Amino acid sequence: MSREFIIPKKIITGEGAIENAIPYITSMGKKPLIVTGRIVAKSDAFKALAEGLESNGIPCTVFTGITGEPTDIMINEGLSAYRENGCDCLIGIGGGSPLDAVKAIAVSAVCGGRLSDYMGREITGDFPPMVAIPTTAGTGSEATKFTVITDAATDVKMLLKGEGLVPDIAVIDPEATLTMPKTITASTGLDALTHAVEAYTSKLAQPLTDTLALSAVKRIFKYLPAAFENGDNKKARAEMSVAALEAGICINNSSVTIVHGMSRPIGALFHVPHGMSNAMLLEKCMDFAKDGALKKFAELGRAAEVADAHMDDQAAAEKFVGALGRLCRICNVPTVSEYGIDKQKFIDAIPKMAHDSIASGSPGNTQKAVTEDDIKEIYKSLV
Ligand SMILES: [Fe+2]
């Protein structure tokens, strides 16, 4: 079977990437809407972007209404800002939320209607140029055709997708991640790890993403503890930025599996940040999935240098799954109850979460049959 491999048209990486991206951004449009959060709007990375554009005669309209994981209400506000200011391109700078928001604003501007109308469909349209500048290292949104928007009325995290939503330019400047707080370093770094592991063990895995996934897993095992321990460690930040990009390209082309499928309902109902809800599930889900792709889990164990070369696949795969749990503990990932979620409320939500998880389609990419009962059991094991 032939496969496709889709990435942004231009990827600029390394120190000074934002400044170096300015000529390309200014050639794409004359009235960008910059979508960001209130904290990032005060950062050096944002200043470099805004000053770079303004010194080239490009006025910046800034929308700071993405105050958490984006909802359809926030997207409508962003759409108003885009239209009222006559904007012609979109720049997302910040964590995964503003980057996802840019894609959803583009869909709303071009396709109209409600975002929920587009769930489960390949979204097409002549979208405005988009630039993605991550200030975290994990979501990979800068390299994907996906955007996750919460439907505020139903509390469902809607996974929306379209090839035209892959940003035209991805700007990966590790300097922009230096001020990331510890908890965000952990949750986004573990999100990237989840992307790489899921894509590598997905039914949709392919040779090009396998290479990137192994590389990302290696980098994350080596450098996430260092970045978590000391945010000023430039080498660790640079390696994590590359790993997050690699892992983002992986999910764009080989998809996610059971962890993301189960994580979105926890995020939607209990407002756990995306990377953290993934991390809560990672070891348990991969322990379940490993029998279906034993050789691949073993290869991950060897790449992460947690399994010895002489170990058989079973032992190496088990070592890897155990190491996932250890890395989450190093990064202080809380349990469901440590996070403050009421145990009974969580148990009561399991039927809806299991239903929504299966309905998302992601668990179906796991190289092992996943039933709604399997998912319920894994949710139960978290409390
Ligand atoms: Fe993710």
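Residues numbered from 1 in each chain as written. Predicted model: local features only at pLDDT ≥ 70, side-chain atom pairs only at ≥ 80, totals over all residues.

Section: the overall build of the protein chain
Now for step 1: Secondary structure assignment for the protein chain yields 13 helices and 8 strands.
Now for step 2: Relative to the compact-globule value of 21 Å for 383 residues, the protein chain shows a C-alpha radius of gyration of 20 Å, a close match.
Now for step 3: Taken along the three principal axes of its C-alpha coordinates, the protein chain extends 60 × 45 × 45 Å.
Now for step 4: The buried share among the 383 residues of the protein chain stands at 55%.
Now for step 5: Partitioning the intrachain contacts of the protein chain with sequence separation of at least 6 by distance along the chain shows that 77% fall at a separation of at least 24. (Helix = DSSP H or I, 4+ residues; strand = E, 2+ residues; numbered from the N terminus. Rg over C-alpha atoms; globule rule 2.2 N^0.38 Å. Buried ≥ 20, exposed ≤ 12 C-beta atoms within 10 Å, placed from the backbone. Contact = placed C-beta atoms within 7 Å.)

Side note on the sheet that holds strand β5 (residues 130–134)
Now for step 1: With parallel pairing, 6 strands are arranged side by side in an open sheet as β1-β8-β5-β4-β2-β3. Strand pairing shows two members of the sheet lacking a second neighbour, β1 (10–13) and β3 (61–63), which therefore form its edges. Across the sheet, the mean angle separating the axes of adjacent strands is 15° when strand polarity is ignored.
Now for step 2: The pairing of strand β2 (residues 32–35) with β3 spans 3 bridges and is classified as parallel. Looking at β3, one finds that I34 is bridged to V62. (Pairing = 2+ DSSP bridges. Axes fitted to C-alpha atoms, helices over the stretch in contact; angles between N-to-C directions.)

Quick notes on helix α9 (residues 274–289)
Now for step 1: Helix geometry: α9 is bent most strongly at L282, by close to 45°.
Now for step 2: When you tally the buried positions in α9, you get 15 out of 16 residues, the bulk of the element. (Bend = angle between axes of the 7 residues up to and from the residue.)

Brief notes about the nonpolar core
Looking at soluble globular proteins, one finds that nonpolar side chains tend to be buried together.
Now for step 1: Residues V35, A196, A213, A216, V217 and C285 are the most contacted members of the largest nonpolar core, which totals 121 residues.
Now for step 2: Residues from two domains meet in this core; each of domain 1 (10–177) and domain 2 (182–381) gives at least three.
Now for step 3: Ignoring sequence-local partners within four residues, the contact set of V35 consists of F63, I66, G78, L90, I91, G92, P98, A101, V102 and I105. (Core = buried A, V, L, I, M, F, W, Y, C linked by C-beta atoms within 7 Å. Domains from an automatic or database assignment.)

A short note on the pairing of strand β7 (residues 156–161)
Now for step 1: Within β7, 5 of the 6 residues are buried, leaving the element largely enclosed by the surrounding structure.
Now for step 2: Here strand β6 (residues 146–151) runs beside β7; their pairing, made up of 6 bridges, is antiparallel. Residue pairing across strands places F146 opposite K161, the latter belonging to β7.
Now for step 3: Remark: 4 residues form the turn of the hairpin made by β6 and β7, two consecutive strands paired antiparallel; D155 in that turn has positive phi of roughly 60°.

A look at the packing of helix α1 (residues 17–26) against helix α2 (residues 44–54)
Now for step 1: For the pair α1 and α2, the least separation of the axes is 9 Å and the interaxial angle reads 40°. For the element pair α1 / α2, the angle class is oblique. Relative to α2, α1 is oriented so that their crossing is right-handed. Where α1 abuts α2, its residues I18, E19, I22, I25 and T26 lie against A45, A48, L49, G52 and L53. (Parallel < 35°, antiparallel > 145°, perpendicular 65-115°, else oblique. Left-handed = near helix turned anticlockwise from the far one by under 90°.)

Comments concerning the packing of helix α10 (residues 294–303) against helix α11 (residues 313–330)
Now for step 1: For the pair α10 and α11, interaxial distance at closest approach is 7 Å and the crossing angle is 60°. By the angle class used here, α10 and α11 are oblique. When you trace α10 past α11, the crossing you get is left-handed. Each of L294, K295, F297, A298, L300, G301 and R302 in α10 lies in contact with α11, whose residues at this interface are D313, Q314, A316, A317, K319, F320 and V321.

Here we look at unusual backbone geometry
Now for step 1: A positive phi angle, close to 55°, is found at H271, a residue other than glycine.
Now for step 2: Classification of H271 by C-beta neighbours within 10 Å gives partly exposed; the count is 14.
Now for step 3: Positive phi, close to 60°, is recorded for E305, a residue that is not glycine.
Now for step 4: Tracing the backbone through its elements, the reader meets E305 in the loop between α10 and α11.
Now for step 5: Overall, E305 belongs to the exposed group, with 12 C-beta atoms counted inside 10 Å.

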